[in-house]
Amino acid sequence: MAAAATAAAVVPSSSKTETYTDTKRKDDIRQANISAARAVADAVRTSLGPKGLDKMISSASDNSVIITNDGATILNHLNPLQPAAKMLVDLSKSQDSAAGDGTTTVVVVAGSLLRHCSSLLSSGIHPTVISDALHKTSLKAVDILTAMSVPVELSDRESLIKSASTSLNSKVVSQYSSLLAPLAVDAVLSVVDPQKPDLVDLRDIKIVKKLGGTVDDTEMVKGLVFDKKVSHAAGGPTRVENAKIAVIQFQISPPKTDIEQSIIVSDYSQMDRILKEERNYILGMIKKIKATGCNVLLIQKSILRDAVTDLSLHYLAKAKILVVKDVEREDIEFITKTLNCLPIANIEHFRVEKLGHADLVEEVSLGSGEGKVVKITGIKDMGRTTTVLVRGSNQLVLDEADRSLHDALCVVRCLVNKRFLIAGGGAPEIELSRQLGAWSKVLHGMEGFCVKSFAEALEVIPYTLAENAGLNPIAIVTELRNRHAQGEINAGINVRKGQITNILEENVVQPLLVSTSAIMLATECVRMILKIDDIVTVR
Amino acid sequence: MAVEKILKDDASEEKGERARMASFIGAMAIADLVKTTLGPKGMDKILQSTGRGQLVTVTNDGATILKSLHIDNPAAKVLVDISKVQDDEVGDGTTSVVVLAGELLREAEKLVNSKIHPMTIISGYRMAADAARNALLQKVVDNKEDAEKFRSDLMKIAMTTLSSKILSQDKEHFAQLAVDAVMRLKGSTNLEAIQIIKKPGGSLKDSFLDEGFILDKKIGIGQPKRIENAKILVANTAMDTDKVKIYGARVRVDSMSKVAEIEAAEKQKMREKVQKIIGHGINCFINRQLIYNFPEELFADAGILAIEHADFDGIERLALVTGGEIASTFDNPESVKLGHCKLIEEIMIGEDKLIHFSGCEMGQACTIVLRGASQHVLDEADRSLHDALCVLSQTVNDSRVLLGGGWPEMIMAKEVDELARKTPGKKSLAIEAFSKSLLAIPTIIADNAGLDSAELVAQLRAEHHREGCNAGIDVITGSVGDMAALGISESFKVKQAVLLSATEAAEMILRVDEIITCAPRRREDRM
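Engineer: Would you take a moment to explain the overall build of chain A for this structure?
Structural biologist: Looking only at helices and strands, one finds 17 helices and 19 strands in chain A. Of the contacts made within chain A by residues no fewer than 6 positions apart, 78% connect residues no fewer than 24 positions apart. Charged side chains in chain A number 62 positive and 63 negative. The centres of these two groups are separated by 2 Å.

Engineer: For this particular structure, what's the right way to read empty space enclosed by the protein?
Structural biologist: By the definition in use, this model includes nine cavities of 30 Å³ or more. When its volume is computed, the largest cavity comes out at roughly 90 Å³. Around the largest cavity sit 12 residues that line it, and M87, L91 and C525 of chain A together with S374 and V377 of chain B are the ones nearest its centre. Counted by class, the lining of the largest cavity contains seven nonpolar, three polar and two charged residues.

Engineer: I keep staring at the sheet that holds strand β15 (residues 366-372) of chain B and nothing clicks. Help me out?
Structural biologist: As a general point, the strands of a sheet are linked pairwise by backbone hydrogen bonds and lie either parallel or antiparallel. Residue and element names in this part refer to chain B. Strand order in the open sheet formed by three strands is β5-β15-β6, and the pairing between neighbours is mixed. Edge positions in the sheet fall to β5 (194-200) and β6 (208-211), since each of these pairs with one other strand and no more. Taken pair by pair, the neighbouring strands of this sheet meet at an average axis angle of 25°, ignoring direction. For β6 and β15, the ladder comprises four bridges, and the chain directions are antiparallel. The partner of E211 across the bridge, within β15, is C366. Here helix α11 (residues 375-397) sits on the sheet in contact with β5 and β15, set at roughly 160° to β5.

Engineer: It is not clear to me how helix α14 (residues 453-464) of chain B should be interpreted in this structure. Could you clarify?
Structural biologist: Residues and elements named next belong to chain B. Helix length check: α14, at 12 residues, gives a terminal C-alpha distance of 16 Å against a target of 16 Å (1.5 Å per residue), a fit within 8%. Those residues of α14 that sit buried are S453, L456, V457, L460 and H464. Viewed end-on, α14 has its buried residues packed into an arc of 95°, placing them on one side of the element. Within α14, the exposed residues directed more than 90 degrees away from the buried face are A454 and A462.

Engineer: What's the story with the sheet that holds strand β14 (residues 386-392) of chain A in this structure? I'm lost.
Structural biologist: Residues and elements named next belong to chain A. Sheet architecture is open: three strands sit in the order β4-β14-β5, paired in mixed fashion. What marks the edges here is a single partner per strand, and that holds for β4 (205-211) and β5 (219-221). Sheet twist, expressed as the average angle between the axes of neighbouring strands with direction ignored, equals 25°. Sheet topology places β4 next to β14; seven bridges connect them, and they run parallel.

Engineer: Got a minute to help me understand the interface of chain B and chain A in this structure?
Structural biologist: Across the boundary between the two partners, chain B contributes 70 residues, which contact 72 residues of chain A. Across the interface of chain B and chain A, roughly 6,600 Å² is buried in total on both sides, 53% from carbon and sulfur atoms. At the boundary of chain B and chain A, one finds two salt bridges. Between D534 of chain A and K45 of chain B there is a salt bridge, and its shortest N-O distance comes to 3.9 Å. Between the two partners, chain B and chain A, sit six residue pairs in polar contact (both at pLDDT 80 or more). If you list the elements that add at least two residues to the side of chain B that touches chain A, you get α1 (16-35), β2 (44-49), β3 (56-59), β9 (250-253), α8 (256-278), α9 (293-301), β14 (352-360) and α11 of chain B. Looking at the side of chain B that touches chain A element by element, the count peaks at nine residues for α8 of chain B. Grouping the constituent residues of the side of chain B that touches chain A by class yields 26 nonpolar, 22 polar and 22 charged. Sheet topology note: the strand β19 (residues 532-538) of chain A/β2 of chain B ladder contains six bridges and is parallel. Paired with I532 of chain A across the bridge in β2 of chain B is D44 of chain B.

Engineer: Sorry, what's going on with the side chain of E380 of chain B here?
Structural biologist: Checked against the element boundaries, E380 of chain B lands in helix α11. Among residues more than four places away in sequence, those in contact with E380 of chain B are V58, T59, N60, D61 and I166 of chain B.

Engineer: Looking at this model, I keep getting lost on the packing of helix α12 (residues 407-422) of chain B against α14 of chain B. Mind explaining?
Structural biologist: In helix packing, the relevant descriptors are the interaxial angle and the interaxial distance, both defined with respect to the helix axes. Residue and element names in this part refer to chain B. As a packed pair, α12 and α14 sit with axes 10 Å apart at the nearest point and diverge in direction by 65°. When the axes of α12 and α14 are compared, the crossing they make is right-handed. Between α12 and α14, the contacting residues are W407, M410, I411 and K414 on the first element and V457, L460, R461 and H464 on the second.

Engineer: Help me out: how do you make sense of unusual backbone geometry in this one?
Structural biologist: Residue and element names in this part refer to chain A. Despite not being glycine, N242 has its phi angle at roughly 55°, a positive value. Among the structural elements, N242 can be located in strand β7 (residues 239-248). Taking relative accessible area as the criterion, N242 reaches 58% and is therefore assigned exposed. Backbone geometry places N340, a non-glycine residue, at a positive phi of 60°. Relative to the assigned elements, N340 resides in the loop between α11 (329-339) and β11 (343-344). Judged by its relative accessible area of 44%, N340 is partly exposed.

Engineer: Where do I start with the nonpolar core in this structure?
Structural biologist: Core analysis: the largest hydrophobic core is formed by 175 residues, its most contacted members being L88 of chain A together with F434 of chain B. The contacts of L88 of chain A, once residues within four sequence positions are left out, are A37, V40, A41, L75, V107, A110, C525 and I529 of chain A. L168, L202, V388 and L409 of chain A belong to the second-largest nonpolar core, a separate cluster that totals 34 residues.

Calculation notes
- Residues numbered from 1 in each chain as written.
- Chains lettered and ligands numbered in written order.
- Predicted model: local features only at pLDDT ≥ 70, side-chain atom pairs only at ≥ 80, totals over all residues.
- Heavy atoms only, no water.
- Helix = DSSP H or I, 4+ residues; strand = E, 2+ residues; numbered from the N terminus.
- Contact = heavy atoms within 4.5 Å.
- Lys, Arg positive; Asp, Glu negative; His and termini not counted.
- Charge placed at Lys NZ, Arg CZ, Asp CG, Glu CD.
- 1 Å grid on protein atoms, 1.4 Å probe; cavity = no way out; pocket = protein on both sides within 12 Å on 5 of 7 lines; lining within 4 Å.
- Points joined across faces, edges and corners; volume = space filled by probe spheres on them.
- Nonpolar A, V, L, I, M, F, W, Y, C, P; charged D, E, K, R; others polar.
- Pairing = 2+ DSSP bridges.
- Axes fitted to C-alpha atoms, helices over the stretch in contact; angles between N-to-C directions.
- Expected span 1.5 Å × (residues − 1).
- Buried < 20%, exposed > 50% of the residue type's maximum accessible area, 1.4 Å probe, protein only.
- Arc of directions from axis to C-beta.
- Buried area = accessible area lost by both parts, 1.4 Å probe.
- Salt bridge = Lys/Arg side-chain N within 4 Å of Asp/Glu carboxyl O.
- Polar contact = N/O pair within 3.5 Å; in protein donor to acceptor, adjacent residues only side chain to side chain.
- Left-handed = near helix turned anticlockwise from the far one by under 90°.
- Core = buried A, V, L, I, M, F, W, Y, C linked by side-chain atoms within 4.5 Å.

Distances and angles like these do not, on their own, reveal function.
Here it is in structure tokens:
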């Protein structure tokens, strides 16, 4: 957090709009922006790579604590004041949405590029020249990366698992990567629509987090999981085989109108009658439900009135109908898609054809305590959706497992979108640096000078990887350069062994999209920061 | 004895020299603030909001910067206003107009200091502006007749406008987009028919032009995802139960079954309303307000695609492009105009699902989908593209075209200089000053690019002494180049607007000799 404090400290004194701006001030603003952005980059630098360390984030507002090494999450909570530092936070967010992984890498690369930019600036090169050179470099870099990549087929499950585990290896849950990686791959592959093989909608994968057990117990469920108990009054079923499931958007409770109403009771017998009527009303509804053969009800949450009352639960239990209440409206689409049924908004429309079918609906208790979930499995004509039930021994581990799994899912999604793999472990960066360095020699003028500098900037990734792993970064990077110069383009840092090996053979691979988007986004952000010459405070 | 007090307590006045100084300094400060954003190598500014959320905007658009400033100086406000007017009228040149006005005032200040009456300066400026405009008029090129050439003119203008913006790296791609979109309008300047949708993700190159209309909404559950030959009813109506709009209206009943009856009656009313809507013979229903679960299901049963909660902007545009009108009562199906389009379908852009209407009644409608790394980039891209679209649509109407890169300023300066030499009297000094101010624009462009401005402008002036010269500043190579060969063009209308409004603004500020600050209206004490 020390870095965050520095980031906050460099916030420049708010500029008055009517002050005269001279050239001196322009440089100051740019330098202030660059150093603020670099402070942010330094804050996440140590969490890069498999031996990267975690950060503990304690939030001042509600005293909650988060432990993570996911760059996007750290930066999200950093909340810097300085505008340029904010742009770096946004950068990591964009990488998160574009590729899902590499959120730390992109910030570290941007920080390093900025450092080299500031030395270029101080040697008197015009910012737009640097910016143009940077753009050229990024295009060239993407070409080089694409040339390095290895195509992968979706049927090649092994390779997919390898890249998912590379992403997982740098997380808290790395010891479970053998479990989570195949799980992520299977989950994504199960939602790929054969008709649109390039698109994966991660919203079709629902992650349900449940405290208790260990991460080992995480499982993929072909069906639905609700993090809820079955609502039942005495004697209601908790397990239904051969279920007919209805998703209802109305409530099984005494009637309530939109217009204000009150029932006026003048004597005791009337009160009895009203109670009886209420019972009849509910009973009538339940009979209609029962008549269709429905035996599982999923009830949408209602803000206007209780979804079910004790009375209706009692009758439902008698009718042997399993009830899950308080289903969120946003989830309805996912549920209906999975169950292949239609939501029912009115009792009058309760028809058989709107029901979904499943082999088994049951309440499963997860260990002791209150951990209970409802599982629906064996769904007939199931939509292309999947649920992953994540377990963890405490909330912090659980959240981190969720984030890690999300990253792994994104990695697999990237591979579905763009089916190329590239080596990990700093190999692509060193290769980029080498090839860009060679390219810079054939360029004319200032451009060559700038490109050379950016080529060096990219070495920050292997340097940081080695540093975080406790290796001698200078020795490692020099050795890497040497190996690459001899043509071993896949030589990278094997952090586990602490030496340089052919990283493809070590199964450390990542999707091409992660690397290319990191380079593209980082350069775009750096160019934007470079082109700024003033900060104006406005309303 | 002097009158002690004419004005109220809190009001203040500044007179004569002081007032003039205050206006000059204010206007020049504003011009200096935005002048570094001028030209293809201009820099951006961060606008940091002091309000809630501390929003950060990165921009290079003069109008956007000026619009967001806190300004206290009245003269500075005049400049902000002319930039705003320029933005509304022609869309581009918002920075140039402020910079030119600032320069005119800077020169005027020198003249005033050497004891020349402001009115003399003003009349000199007027003559000079006329001469400059005539010089431009002589040099304009009009390619309206030749469709091929006209299109290439448009492309050039779009690229010139975009080259100073964030889109500069992909300017060809975007110029193409903008020209295609504007050509679809067939001469109308109604930019509302061009919708710009911003979707984070991907890169700027992935942006595309789509014929038809895209609505960023979801289709209701269980409804058809694809409709051909759609008949669309656009409505703004509440789809929950109709309420008695009397505060505190309540019903008293004496049994539960009665309550159930009322509930059923409410449901029935909803159903009737839905039936009425269905009775229009539609297969797509779009409402501005929420459609609740119950009507949604009814629509799904009838096989009608229902879209809820489309925002105001969305439905108005939709009504415009599909040729329908927004309905809020459904009793007379025959009097409601339905919208039509060939196909409605769900498409995926990036990660989001959107609804795409193609083959709309109004053929001009189109949508530009912008993709970009972050929201900052997208917002700036949107502003840049908007500028380009404005300029293009203006050019379609007034197809006179000039070269860019400081060329028009040089032409005008030369002509104005000639005039100065011919004019007797003190006015000639003012005319000379005008020409100097015009030269400031190429000087600033060169300065921003980090070039030797004095050298370049001197070279340019020498070049322009030849007749029919196309020389301007080529910022990329940092030398004097042939603007026609480089394909740098500007719209005549923009240049003319810059020239005239800058002169007028300068004139207005010059005329000022007293600033009266009114006393703030006191808040009435209610105690």
